[in-house]
Amino acid sequence: MQSPLSFASRVPFMSSVASFQIGDKVVYPNHGVGIIEQISSRTIGASVERFYLLKIAASSLKVMVPFQNATTVGLRRVVRNGEVQKILEFLTDGKCENHADWKYRFKENSDKMRTGSLLEVAAVLKGLLLLNQSKPLSFREKKMLERARYLLVSELAMAKNIQEVEIEHLLTKALAKCNLRFPEILPEA
């Protein structure tokens, strides 16, 4: 059993790569997978800044990220197919701890979600699933659990080039090995 931080320090996809090309599949932290549609320049004052224009797959949201901020905001490539197995192994036997205080736990989980690290997103997902076994999650934590699930499923599906339903099945199998399961997603009213 490993903590996410010791595990993350050994995982190669945790490092960021700040050089992308048009058509690259990238992850914009806490928003999900996107595709670089354009690389453009704008004159701002006396300087010329270059930007990546990406389209977030799920929402069609368009985001402009300055080259110089790409690393700072956590823009990174989609995990490689081989790295998917490392995420599944963490979900199966990685160690998660939850802070007892709701406010502290929520802030800690929010910070993990913003890192852009898929392993940290997996740690949030697993931690909230563990917590859900002992007590009902708050509304905000349920939303965070849904967001973590979405981010994991969408990126892993893109990485393996398979349907999201197949990734859901892989995640369900991995979580079942440690007696965890996804809650049912209720349709919004």
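These figures come from a predicted structure and were not determined experimentally. (Residues numbered from 1 in each chain as written. Predicted model: local features only at pLDDT ≥ 70, side-chain atom pairs only at ≥ 80, totals over all residues. Heavy atoms only, no water.)

1. Notes on the packing of helix 6 (residues 139-160) against helix 7 (residues 164-176)
Then comes step 1: Running from N to C, helix 6 and helix 7 cross one another at 115 degrees; their axes reach a closest spacing of 9 Å. Classified by the angle between their axes, helix 6 and helix 7 sit roughly perpendicular to one another. Classified by chirality, the crossing of helix 7 by helix 6 is right-handed. Residues R149, L152, V153, S154, L156, A157 and K160 of helix 6 lie in contact with helix 7, whose contacting residues are E164, I167, E168, L170 and L171.
Then comes step 2: Counted by class, the contact of helix 6 with helix 7 contains 7 nonpolar, 1 polar and 4 charged residues. (Axes fitted to C-alpha atoms, helices over the stretch in contact; angles between N-to-C directions. Helix = DSSP H or I, 4+ residues; strand = E, 2+ residues; numbered from the N terminus. Parallel < 35°, antiparallel > 145°, perpendicular 65-115°, else oblique. Left-handed = near helix turned anticlockwise from the far one by under 90°. Contact = heavy atoms within 4.5 Å. Nonpolar A, V, L, I, M, F, W, Y, C, P; charged D, E, K, R; others polar.)

2. Considerations on helix 4 (residues 102-114)
Then comes step 1: Compared with an ideal rise of 1.5 Å per residue, which puts 13 residues at 18 Å, helix 4 spans 18 Å between its outermost C-alpha atoms and is within 8% of the ideal.
Then comes step 2: Among all positions of helix 4, only R105, F106, N109, S110, K112 and M113 are buried. The arc that holds the buried residues of helix 4, viewed along the axis, is 160 degrees, so those residues lie on one side. Set apart from the buried face of helix 4 by more than 90 degrees, the exposed residues are K103 and K107.
Then comes step 3: Of the residues one or two after helix 4, G116 is the one with positive phi, at around 90 degrees. (Expected span 1.5 Å × (residues − 1). Buried < 20%, exposed > 50% of the residue type's maximum accessible area, 1.4 Å probe, protein only. Arc of directions from axis to C-beta.)

3. Quick look at the packing of aromatic side chains
Then comes step 1: Inspection of the entire model under this criterion finds 3 aromatic pairs.
Then comes step 2: Between Y52 and F67, the aromatic rings sit 4.3 Å apart at their centres with planes inclined by 15 degrees, giving stacked as the arrangement. On the criterion of sequence distance, the pair formed by Y52 in strand 3 (residues 47-56) and F67 in the loop between strand 4 (62-66) and helix 2 (70-73) is long-range, its members being 15 residues apart.
Then comes step 3: According to the relative accessible area criterion, Y52 is buried, its value standing at 2%.
Then comes step 4: A relative accessible area of 28% places F67 in the partly exposed class.
Then comes step 5: Geometry around F51 places R42 over its ring, the cationic atom sitting 6.0 Å from the centre.
Then comes step 6: Taking the ring centre of F182 as reference, the NZ or CZ of R149 above it sits at 4.0 Å. (Phe/Tyr/Trp six-rings, centres within 6.5 Å; stacked < 30°, edge-to-face > 60°. Lys NZ or Arg CZ within 6 Å of the ring centre and 35° of its normal.)

4. Some words on the pairing of strand 4
Then comes step 1: Two strands pair when backbone bridges link them, and strand 3 and strand 4 are joined in this way by 5 bridges, in the antiparallel orientation. The partner of L53 across the bridge, within strand 4, is M64.
Then comes step 2: Between strand 3 and strand 4, which pair antiparallel and follow one another directly, the connecting turn spans 5 residues, one of which, S60, has a positive phi of 65 degrees. (Pairing = 2+ DSSP bridges.)

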